Amino acid sequence: MFGDMMNMMSKLKESQQKIEETKSRLKTVLIDEVSSDQLLKVTVTASGTIKALNIDDQLLADKEQLEDYIILTFNKALEKANTIKEQELATAAKEGMPNIPGLDKFM
């Protein structure tokens, strides 16, 4: 029994380490999002950091339109980033979890 507990603790520690490694890796995963007319492009990391913003000169004439483009395009990019982040962290956590009877009901 004591050996089983030690094994579970070791697995939990491995799981936490995998999660931390995944978080670090997500900082390097880039997501590009482009407006439907290709006038605005944003790049974010899977951890949600803005890396680049490219604005076509056509958008500079209308401040309100530009603001709308930025908000919509960044929101799309951040949604994608969040989805990737959640999937990657869930996978990392599940891989390292010890086999505890009944735990699968909660995951």
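Here the structure is shown first, and the text comes after it.
Model, not experiment: these values are computed from the prediction.

(A) The pairing of strand 2 (residues 40-45), seen in detail. The buried fraction of strand 2 is high, at five of six residues. Bridge count between strand 1 (residues 30-34) and strand 2: five bridges; the pairing is antiparallel. Looking across to strand 2, one finds that Val34 is bridged to Lys41. In sequence, strand 1 turns back onto strand 2 through a hairpin of five residues, with Gln38 there showing a positive phi of about 70°. As defined by bridge partners, strand 2 adjoins strand 3 (residues 50-55) across five bridges and the pair is classed as antiparallel. By the bridge assignment, Leu40 is partnered in strand 3 with Ile55. Once strand 2 ends, the chain turns through four residues before running back antiparallel as strand 3, passing Gly48 with a positive phi of about 95°.

(B) Structural detail: the pattern of salt bridges. Tallied over the full model, the rule gives four salt bridges. A salt bridge links Glu88 to Arg25; the nearest nitrogen and oxygen atoms lie 2.3 Å apart. Here the residue Glu88 occupies a position in helix 2 (residues 63-96), and Arg25 occupies one in helix 1 (residues 2-26), the gap between them amounting to 63 residues. Given a relative accessible area of 38%, Arg25 falls into the partly exposed group. Taking the shortest distance from any N to any O, the salt bridge between Glu33 and Lys80 comes out at 2.6 Å. Residue Glu33 is located in strand 1, and its partner Lys80 is located in helix 2; the two are separated by 47 residues in the primary sequence.

Calculation criteria
Residues numbered from 1 in each chain as written. Predicted model: local features only at pLDDT ≥ 70, side-chain atom pairs only at ≥ 80, totals over all residues. Heavy atoms only, no water. Buried < 20%, exposed > 50% of the residue type's maximum accessible area, 1.4 Å probe, protein only. Helix = DSSP H or I, 4+ residues; strand = E, 2+ residues; numbered from the N terminus. Pairing = 2+ DSSP bridges. Salt bridge = Lys/Arg side-chain N within 4 Å of Asp/Glu carboxyl O.

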